[in-house]
Amino acid sequence: MPTPTLRPPSTTLEMVVFVFFAALAVLGALGTVLSRNPIRSAVGLFVHIVALAALYLNLGAHFLGVIQLLIYAGAVVVLFVFVIMLLGPAANSPQDGRGIGWRAVAAAAVAGIGGMLLFTVRYVQMAMPERTDSYGTMNVVGSFLFKQGILPFELIGVTLVIAVVGAFAIARGKHERRPLADADPTSDEKLAERDEASDKKSPATAKKAEGHS
Amino acid sequence: MTIQIHHYLILSALLFSIGAAGFLVRRNSLVALMCIELMLNAVNLTLIAFNRWMPANAGGAVPHQGQVFAFFVIAVAAAEAALGLAIVLSLYRVRKVVRTDDANLMKE
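Conventions we followed
Residues numbered from 1 in each chain as written. Chains lettered and ligands numbered in written order. Predicted model: local features only at pLDDT ≥ 70, side-chain atom pairs only at ≥ 80, totals over all residues. Heavy atoms only, no water. Axes fitted to C-alpha atoms, helices over the stretch in contact; angles between N-to-C directions. Helix = DSSP H or I, 4+ residues; strand = E, 2+ residues; numbered from the N terminus. Parallel < 35°, antiparallel > 145°, perpendicular 65-115°, else oblique. Contact = heavy atoms within 4.5 Å. Buried area = accessible area lost by both parts, 1.4 Å probe. Salt bridge = Lys/Arg side-chain N within 4 Å of Asp/Glu carboxyl O. Polar contact = N/O pair within 3.5 Å; in protein donor to acceptor, adjacent residues only side chain to side chain. Buried < 20%, exposed > 50% of the residue type's maximum accessible area, 1.4 Å probe, protein only. pLDDT = per-residue confidence, 0-100. Patch = residues over 30% accessible without salt bridge, like charges linked within 9 Å, V, L, I, M, F, W, Y side chains within 5 Å. Areas by Shrake-Rupley, 256 points an atom, 1.4 Å probe, with all protein chains shown as cover. Core = buried A, V, L, I, M, F, W, Y, C linked by side-chain atoms within 4.5 Å.

Engineer: Explain the packing of helix H3 (residues 62–87) of chain A against helix H3 (residues 65–95) of chain B here, please?
Structural biologist: Two packed helices can be described by the angle between their axes and the distance between those axes. At their nearest, the axes of H3(A) and H3(B) sit 11 Å apart, and the two run at 5° to each other. Between H3(A) and H3(B), the crossing angle belongs to the class labelled roughly parallel. Two secondary-structure elements touch here, H3(A) through Phe63(A), Leu64(A), Ile67(A), Gln68(A), Ile71(A), Tyr72(A), Val76(A), Leu79(A), Phe80(A), Val83(A), Leu86(A) and Leu87(A) and H3(B) through Gln67(B), Ala70(B), Phe71(B), Ile74(B), Ala77(B), Ala78(B), Ala81(B), Ala82(B), Leu85(B), Val88(B), Leu89(B) and Tyr92(B).

Engineer: How should I be thinking about the interface of chain A and chain B in this particular structure?
Structural biologist: Many descriptions give the size of an interface as the accessible area lost when the pieces come together. At the interface, 83 residues of chain A touch 74 residues of chain B. For the chain A face of the interface with chain B, the top three residues by lost area are Leu59(A), Phe80(A) and Tyr135(A), together amounting to 9%. At the junction of chain A and chain B, the tally comes to 0 salt bridges. Inspection of the region where chain A meets chain B yields 13 residue pairs in polar contact (both at pLDDT 80 or more).

Engineer: Can you walk me through the side chain of Arg27(B) in this structure?
Structural biologist: For Arg27(B), the position within the fold is in the loop between helix H1 (5–25) and helix H2 (29–52). Looking at Arg27(B), the relative accessible area reads 14%, which means it is buried. If we ignore the near neighbours within four places in the chain, the residues touching Arg27(B) are Gln95(A), Asp96(A), Gly97(A), Arg98(A), Val98(B), Arg99(B), Thr100(B) and Asp101(B).

Engineer: What am I meant to see in the confidence of the model for chain A here?
Structural biologist: Reading fine detail from the predicted coordinates is not recommended where pLDDT is low. For chain A, mean pLDDT is 82; residues scoring 70 or higher make up 76% of the total. The secondary-structure element of chain A with the lowest mean pLDDT is helix H9 (residues 203–212) of chain A, recorded at 50, while helix H2 (residues 38–58) of chain A shows the highest, at 95.

Engineer: Got a minute to help me understand a nonpolar patch on the surface in this structure?
Structural biologist: Residue and element names in this part refer to chain A. Among the surface-exposed residues, Phe146, Ile150, Leu151 and Leu155 lie close enough to one another that they form a single nonpolar patch of about 400 Å² accessible area. Among the elements that take part in the nonpolar patch, helix H6 (residues 150–172) stands out by supplying 3 residues, more than any other. Within the fold, Ile150 resides in helix H6. Given a relative accessible area of 33%, Ile150 falls into the partly exposed group.

Engineer: Explanation requested: the nonpolar core in the structure shown.
Structural biologist: Generally speaking, soluble globular proteins have nonpolar side chains that are buried together. Counting residues in hydrophobic clusters, the biggest one holds 63 residues, and the most contacted among them are Leu64(A), Leu87(A), Tyr8(B), Leu11(B), Leu15(B), Leu30(B) and Leu45(B). Leaving out residues up to four positions away in the same chain, Leu87(A) has contacts with Leu30(B), Val88(B), Leu89(B), Tyr92(B) and Val98(B).

Engineer: Sorry if this is basic, but what is going on with the environment of His62(A) here?
Structural biologist: Residue and element names in this part refer to chain A. Residue placement: His62 occurs in helix H3. Assessed through its relative accessible area of 29%, His62 is described here as partly exposed. Distance from His62 to Tyr135, taken between C-alpha atoms, is 8.4 Å for residues 73 residues apart in sequence. When residues no more than four places from it in sequence are discounted, the contact partners of His62 are Leu57, Tyr135, Gly136 and Thr137.

Encoded structure:
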C-alpha cells in the first residue's frame, strides 16, 4: 500500500486561512477582555481558542491543534463556564473596570511592551523550509516526547497530580460534618420546615410543625 | 503573497498585548484568569510558528522542540486554570464576591 503524500498547500490559501483566523482570534480576545458578563468572556475565549487551533493546523502542527481543542476548548473553557454557573449572579462583580488612573497605567504598560514586541518582530525574516509529510503528526511529536523529552514529560505528570490534589484541598473548604437529616432535602424535617413558611431557618419551628401533625 | 514568520509574530504580540491589558484593567478574578490564558496562548502561537520555520538538522530529521514546549505550556496552563478557579471558589466562600480587590485576607 503506497503511503499517501500530502500535497503542499498553496501559499495563497495559507494566507487566506491565516488572515481569517487571525481576525477571529483577535475578535475573540477582544470579546474576552471587553465583555461585562463573564459568561460572554468565556465565549470569547472559546472563539479565540478555536481560531488558534485552526492556525496551528495551518502551521502544520496537527497534533497540537487537536490537543488545543481537546484541552483548552474541551476542558479549560468548560471548567470556567462550570465555575461561572456555580457562582451564579456573584460571578458578575460590581465595579469591575478600574478607574482612569489605572487605565492610563495599563495603557502605558501595554503600549510599551506591545510596541516593543511589534518593533522587534516586524523585520524577522526566515526562509521557510519544506514541510515533510510527517511534520507535526502524533507519531513524530510523540516519539520526540518519549525520547528526548521523557524527563519533563514525567515531571509534568507529577505537576498535574499535585495541581489536582491542591485544587481539591483548596476548593473543598472547611465545614463541619452536618447531621444527615440536615443535608437531605427530602427528609421529613426539611419538608416540615418548608411547610412552615414563617421561619425557615430555626429547627425549633420544624420540630413544632412535626408535633402538630 | 507568501506567508512569512513575522505575520505570526505580529499577531502573537497583538494577542499578548490584549491579554495583558485585560489583566491590568479588569477586576473580576474570573476574567483575569481568562486573560492569563490569552497570554499563554499567544506564547504558544510563537513557539509553534518558530517550530514551523526551524530548518531540518544535519540528519535530515525535522526537530519538534517548539511543539513539545507548547505541549508542556498547555499542560501547565490547565493546572493553573484548575488551581486558580479553586482559589476563586474559596475566595467566594469567604467574601461572597470574586473581585480581586477583595482578596486581601492576608493583609488584615
